[in-house]
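Each chain is listed here by its residues.
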Amino acid sequence: MPASRKYLDPDVVARLRGLELRARKVAAGFVSGMHRSAYHGFSVEFAEHRQYVPGDDLRYIDWRIFGRADRFYIKEYEEETNLRCNILLDTSRSMAYAGAGRPSKFEYAARLTASLAYLLTRQQDAVGLLTFDDDIRTHVPSAAGRVQLNNLLGVLEDAKPAGRTHVKVLFHRLAEELRKRSMVLLVSDLLADPDDVADGLEHICHAGHELILLHVMDDDEWNLPFVENLLFEGLEDDLRLLADPQSLRTSYVRAVERFSTRVQAVCLKHHADYVAVNTREPLPAVLCGYLARRSSRPAGARSR
Amino acid sequence: MSTSALLAIGFVNPLLLGGLGMVLLPILIHFLSRRRFRRIDWAATLFLRQAEEESRRRTRFEQWLLLALRCLAMALLALLFARPFVEPGIIATLLGGGATAERIILIDDSASLGYLDGGRRELDRLTLAADRLLGWLGQSGAARRVSIYLTSEPNQPWLRLDPRDAADLARARSRLASLPVSSLRAEPHRVLTTIAHAHPTPDGGDSATAAALAGDDATRDASPADTRHLYILSDFQRSDWLPSGGRTSAFAPLMELAGGLRVALISSAGSPRENVAVAGLRAGVPQAVVGMPVLLTVGVANHSARPSSALEVTVDLDGRSLPAIRLASLMPGERREAVCELTPSQAGYGLISATLTAGDGFPVDDARRLVIPVRPALNVLIVNGDPHPDPRRDEVHLLRHALAPPGPLGSGMQLRVVDAGELDAEPLDSFDAVVLCNVPAPSEAAADALERFVRHGGGLLIFLGERVGDFEGYNRVLYADGRGLLPVLLREIRRAPEGIGLLRAADHPATAMFPAGQDALSESVRFTAYYASEPPAAVQEARPPRPLAVLARFADAAGTPALVERPLGAGRVLLFTSTCDLDWSTWPRSLDGSYVVAMLELVRYVATRPPPRLVYEAGESLAISLVAGQHEPGVLVRAPWPAPESPVEVRARVDSGSAGALQVDGPRLTQLGRYDVQVRSRTGDAEAWPAVVNLPAPESDLLSASRVELAAALGPLPHEFISATDAFVDAGEQSRRELWRFLLLLGVAALLGEQALGWRFGLPRAAARSAAARQGVLGRILSWRSGRVVRGTR
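Residues numbered from 1 in each chain as written. Chains lettered and ligands numbered in written order. Predicted model: local features only at pLDDT ≥ 70, side-chain atom pairs only at ≥ 80, totals over all residues. Heavy atoms only, no water.

Visitor: Is there a simple way to think about the sheet that holds strand E2 (residues 38–42) of chain B in this case?
Guide: Either a parallel or an antiparallel arrangement is found when strands of a sheet pair, and the pairing is made through backbone hydrogen bonds. An order of E11(A)-E10(A)-E2(B) is seen for the three strands of this open sheet, with the pairing classed as mixed. Each of the sheet's edge strands pairs with one partner strand only, and the pair in question is strand E11 (240–243) of chain A together with E2 of chain B. The average angle at which neighbouring strand axes cross in this sheet is 25°, direction not considered. (Pairing = 2+ DSSP bridges. Helix = DSSP H or I, 4+ residues; strand = E, 2+ residues; numbered from the N terminus. Axes fitted to C-alpha atoms, helices over the stretch in contact; angles between N-to-C directions.)

Visitor: In this structure, what is going on with the side chain of Asp220 of chain A? I would like to understand it.
Guide: When you line up the elements, Asp220 of chain A lands in helix H8 (residues 219–223). On the basis of relative accessibility, which here comes to 6%, the residue Asp220 of chain A falls in the buried class. One polar contact links Asp220 of chain A to Arg102 of chain A, side chain to side chain, over a distance of 2.9 Å. Once residues within four sequence positions are removed from consideration, Asp220 of chain A is found in contact with Tyr97, Gly99, Ala100, Arg102, Pro225, Phe226 and Tyr252 of chain A together with Trp42 of chain B. (Buried < 20%, exposed > 50% of the residue type's maximum accessible area, 1.4 Å probe, protein only. Polar contact = N/O pair within 3.5 Å; in protein donor to acceptor, adjacent residues only side chain to side chain. Contact = heavy atoms within 4.5 Å.)

Visitor: Just checking my understanding: could you explain unusual backbone geometry for this structure?
Guide: Among all residues save glycine, negative phi is the norm, and among peptide bonds the norm is trans. Residues and elements named next belong to chain B. We note that Phe236 has phi near 50°; this positive angle belongs to a residue other than glycine. Here Phe236 is to be found in the loop between strand E9 (228–234) and helix H8 (238–241). For Asn438, which is not a glycine, the phi torsion comes out positive at approximately 55°. Within the secondary structure, Asn438 sits in the loop between strand E22 (433–437) and helix H10 (444–455).

Visitor: I tried to follow the pairing of E11 of chain A on my own but got confused; where do I start?
Guide: Side chains on a regular strand alternate between the two faces of the sheet. Burial along E11 of chain A is one-sided: Leu241 and Ala243 of chain A are buried, and none of Arg240 and Leu242 of chain A, which face the opposite way, are. Between the antiparallel neighbours strand E10 (residues 230–234) of chain A and E11 of chain A lie five residues.

Visitor: Help me understand a nonpolar patch on the surface, please; the structure alone is not making it clear to me.
Guide: All names here are of chain B. A surface patch of nonpolar side chains, amounting to about 380 Å² of accessible area, comprises Leu25, Leu28, Ile29 and Leu32. Tracing the backbone shows Leu28 in helix H1 (residues 24–35). Leu28 gets classed as exposed once you look at its relative accessible area, which sits at 52%. (Patch = residues over 30% accessible without salt bridge, like charges linked within 9 Å, V, L, I, M, F, W, Y side chains within 5 Å. Areas by Shrake-Rupley, 256 points an atom, 1.4 Å probe, with all protein chains shown as cover. Salt bridge = Lys/Arg side-chain N within 4 Å of Asp/Glu carboxyl O.)

Visitor: Can you help me understand the confidence of the model for chain B in this one?
Guide: The predicted structure's coordinates, where accompanied by low pLDDT, should not be read in detail. All names here are of chain B. Per-residue confidence for chain B gives a mean pLDDT of 80; residues scoring 70 or more make up 83%. By mean pLDDT, strand E40 (residues 789–790) is the weakest element of chain B at 34, and strand E23 (residues 459–463) is the strongest at 94. Contacts of residues 1–5 to residues separated by more than four positions or lying in other chains number 13 contacts, the stretch itself having pLDDT below 50. Across residues 764–794 the pLDDT falls below 50, and counting only partners more than four positions away or on other chains, this stretch makes 48 contacts in the model. (pLDDT = per-residue confidence, 0-100.)

Visitor: Is there a simple way to think about the side chain of Thr91 of chain A in this case?
Guide: Residue and element names in this part refer to chain A. Mapped onto the secondary structure, Thr91 falls in the loop between strand E5 (84–90) and helix H4 (105–122). The exposure class of Thr91 is buried, given its relative accessible area of 2%. If near-sequence neighbours (up to four positions away) are discounted, Thr91 is found in contact with Phe106, Thr131, Phe132, Asp133, Arg137, Ala159, Lys160, Pro161 and Ala162.

Visitor: What exactly am I supposed to notice about helix H6 (residues 188–198) of chain B here?
Guide: Residues lying three or four places apart along an α-helix face the same way, a consequence of the helix completing one turn every 3.6 residues. The element H6 of chain B is largely enclosed, with a buried count of eight among its eleven residues. Looking only at H6 of chain B, the buried set comprises Pro188, Val191, Leu192, Thr194, Ile195, Ala196, His197 and Ala198 of chain B.

Visitor: What's the story with helix H4 (residues 122–140) of chain B in this structure? I'm lost.
Guide: Residue and element names in this part refer to chain B. Counted at 1.5 Å a residue, the expected span for H4 with its 19 residues is 27 Å, and the 27 Å between its end C-alpha atoms agrees. Within H4, 14 of the 19 residues are buried, which leaves it mostly tucked inside the rest of the structure. Following H4 by one or two positions, Gly141 adopts a phi angle in the positive range, close to 70°. (Expected span 1.5 Å × (residues − 1).)

Visitor: How do you make sense of the interface of chain B and chain A when you look at a structure like this?
Guide: Quoted interface sizes are often the accessible area lost when the parts come together. Taken residue by residue, the interface counts 44 residues in chain B and 57 residues in chain A. A buried area of about 4,800 Å², summed over both sides, lies between chain B and chain A, and 58% of it is on carbon and sulfur atoms. The tally of links between chain B and chain A comes to 13 residue pairs in polar contact (both at pLDDT 80 or more). Every element with two or more residues in the side of chain B that touches chain A is listed here: H1, E2, helix H2 (45–82), helix H17 (764–786) and E40 of chain B. Taken together, the residues of the side of chain B that touches chain A break down into 17 nonpolar, 13 polar and 14 charged. (Buried area = accessible area lost by both parts, 1.4 Å probe. Nonpolar A, V, L, I, M, F, W, Y, C, P; charged D, E, K, R; others polar.)

Visitor: Quick question: what am I supposed to make of the packing of aromatic side chains here?
Guide: A complete count under the given rule lists 24 aromatic pairs over all chains for this structure. Judged by centre distance (4.5 Å) and plane angle (10°), the ring pair of Phe66 of chain A and Phe72 of chain A falls under stacked. Their ring planes at 80° and their centres at 5.8 Å tell us that Trp587 of chain B and Tyr595 of chain B sit as a pair that is edge-to-face. What makes Trp587 of chain B buried here is its relative accessible area of 3%. Under the relative-accessibility criterion, Tyr595 of chain B is labelled buried at 3%. Through pairs of rings, three or more aromatic residues link up here, namely Tyr97, Phe226, Phe232, Tyr252 and Phe259 of chain A together with Trp42 and Phe47 of chain B. Sitting above the plane of the Tyr115 of chain B ring, Arg273 of chain B keeps its charged end 5.8 Å from the centroid. (Phe/Tyr/Trp six-rings, centres within 6.5 Å; stacked < 30°, edge-to-face > 60°. Lys NZ or Arg CZ within 6 Å of the ring centre and 35° of its normal.)

Encoded structure:
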């Protein structure tokens, strides 16, 4: 398979036709596009009228309405610009886990990344890619165009899961790395200390980025469905635990739920999307389902 | 010790209980399964650590719970195959010891078990208990052999059976159902001795001694079992079972089996038993005479715990009833005697019975019987040694009037008076007594005839006097160096011109008519002459001891014997060492009339031929003495039941203690009522008499021994005390209940429970639901409104 095709599935490409990933927050783009601009009033697309309040710029008063209704109304316009999106892909060693008959989390996440990059590129949006484990391994700054897409696919091709996840330091560095407001797609299993994860996500959100968290885990990790005794050996740590998974299942699932709930709470707080992804599910279904649900929901409040 | 357990558990296949080892199987599998595992590289160690930490205790609990259920299922499976059953604790107590234990049942069928409680004999209660016990033994297979003994047959087992054999069991039950109450006392010591020797424990007792005592090899088991279970079913009457008066404990023979013996005392006794009994019946004389009144004494005893009143005793003589004797109330434990007078009207044997109207539950002792020989008259030969035409000087004139007073009131005596010279020609067999009154020494032939007469049961009364003359002749002919008739050796005539009195020397029927407690037989009697005799002690030194009795002495310094008795053969000789007329004494003239009474009593006493024993208590053996040359050695005995027309002939044996005598021992008299005994003489004449058998008097005291008393009597023997009333009456034949259905259900429930719990413990949805629940309603609403939480398809 050509490099560009390894993670970009034609079936997914076909299913993405007609779908789009719109920014909910304003985007600080550099060309005119499909996303709302952070700057109002100078664009060409009328948005709405609103009653004048003291302090408004007098230039935007609609004098025609004043002539008919003797009241001041301000004309508001929306500027649409292109989107800057950075995809943060976890390439730590834990992402190498693969359940029986299923792709590894990394493969799944890479395909997810490739598909989203394709989608954004097709929308004329700028896409960047940043891979990380205990450090930032690769950073492709955001840019638009097919060349950029090929670059990203090449980076994904070269990426290998390795190293440990140091979320606490890394997420703060990522937040600082992305200076301009953008959409941040974080694709990770988030297998790190919950407090560090929460703090890191908070920091990213506080930087004004619109966060979409794709929490990718294998079905084994979501549900611990094993029946035989297992000797668990940690991929990123030195854990060796002989246990009967059936007896641990309830507590395990509860622990996953607790973690997931906490991450969801952070996302809710910052109006970020949280998508729990099970690698057992087909990628097109997961991706298309999410995009369809996202586009069907009303847009959030306009931000300045 | 008593049974307290309500239920007990047993197993049909106890060997399969070894399957309980399967309980270890789940534990083994559990630990083996922990050694089989798959290695997996795991990324989400974060959650795994939390889960392991959080669920460590719960997991351990769940694991142990599941393990316990699996073990329980295995145990139930093993129990299922062992086929457990429950039965009343009484049964477990009775059936302990397993199939190798030997079972011995002793049933007390003594007369006291005929007590009617609610219209039902107590023996029925015991036979029912024995019946059920046999049923349980057969049903459980806990016995291969059972020996049943009766107290009425103490020398051998009454029945032996294998209760597992249905035909054997049915036969035993049939015999138990028709078991009659015997009329005997229980003799537990005797039957337990037999049991102890017939069923020795491997290490108990001296086997040689046991074999010798057991006698009957058939009763001995070839291979003694390890343990013996002895079930004693009885009312445990105190008088039979408890030691008293030097009698050892009834259980003493069992002590040598102590190592391998368990005793179960199964008591029939319920509430205290009320009983009033005729405790005694006796006549004032051993032999009656037609027309002469006889005093009869009836003893009545109250063995109840409360007073008895309105008691009446009816006395019958040969079927004719006397007016009833009414008794005032008898206090608990009191015994009272009533006296009545009856007069036989015909000769033979008078059959007397005394019947009490008590109305208690033990009627068998409400009557007693007595047989008394009745003579038409006492034939007395008076030999006059000093006849005289003047009655006042005749030797026997006063004696004749004393013995046969003229007038309508007879004395029951027919007298014949002959002179001393006529004695040789007088046939003596037709007389009951011969009285020699101041007779010179008889000829050798007359002395021999007199000795034969006495030895065959006749009585000889000798009065002395001047006519005796040379007393050496008396000593030679009649004393004969102690082999003759004279009880003592005559020495000399002692004179006491002022007269001396007569003193009682011993209690004796012949002197019983004089006032009791006085030394002098009569205050007004004085003797002026009498014969001194060799003291009996001196005689005994020279001769073989002879049973002499001095009944009266003269009140001189030496206490010279006045009246001496000597039994000889079947008869007796009385010697009065003074005269019977006024020659040497004033007795015939004494104002108190004691002469007449004394003469009558002395003659009646010597004229009374000791009859064969006519009254027995049940359990005693018939005892008859015969004369070898006079009687045939066979005796016919006819029992009252079951076939009076079929007499049993019993052979007599030579009595080693008495030359020329034959002794008949037996048969054992086991039935109450009248037996008929017939003896045939060598001449072909038959002599028959009745013998009556009464209930042994102690059997009327129905008080039972308490548990504590029995425990003390049993000493260290392990035992149980069980009430047949409580434990056996309500216990049904099908009292054993098998538990396999219940165990099967329990096992299925355990397996289903294990599966359900295993499924439940490994179910993640529960955790998901609980997480959703923890998230709460508010959390879910916020998620919906913001639309930011996108639930993946996990």
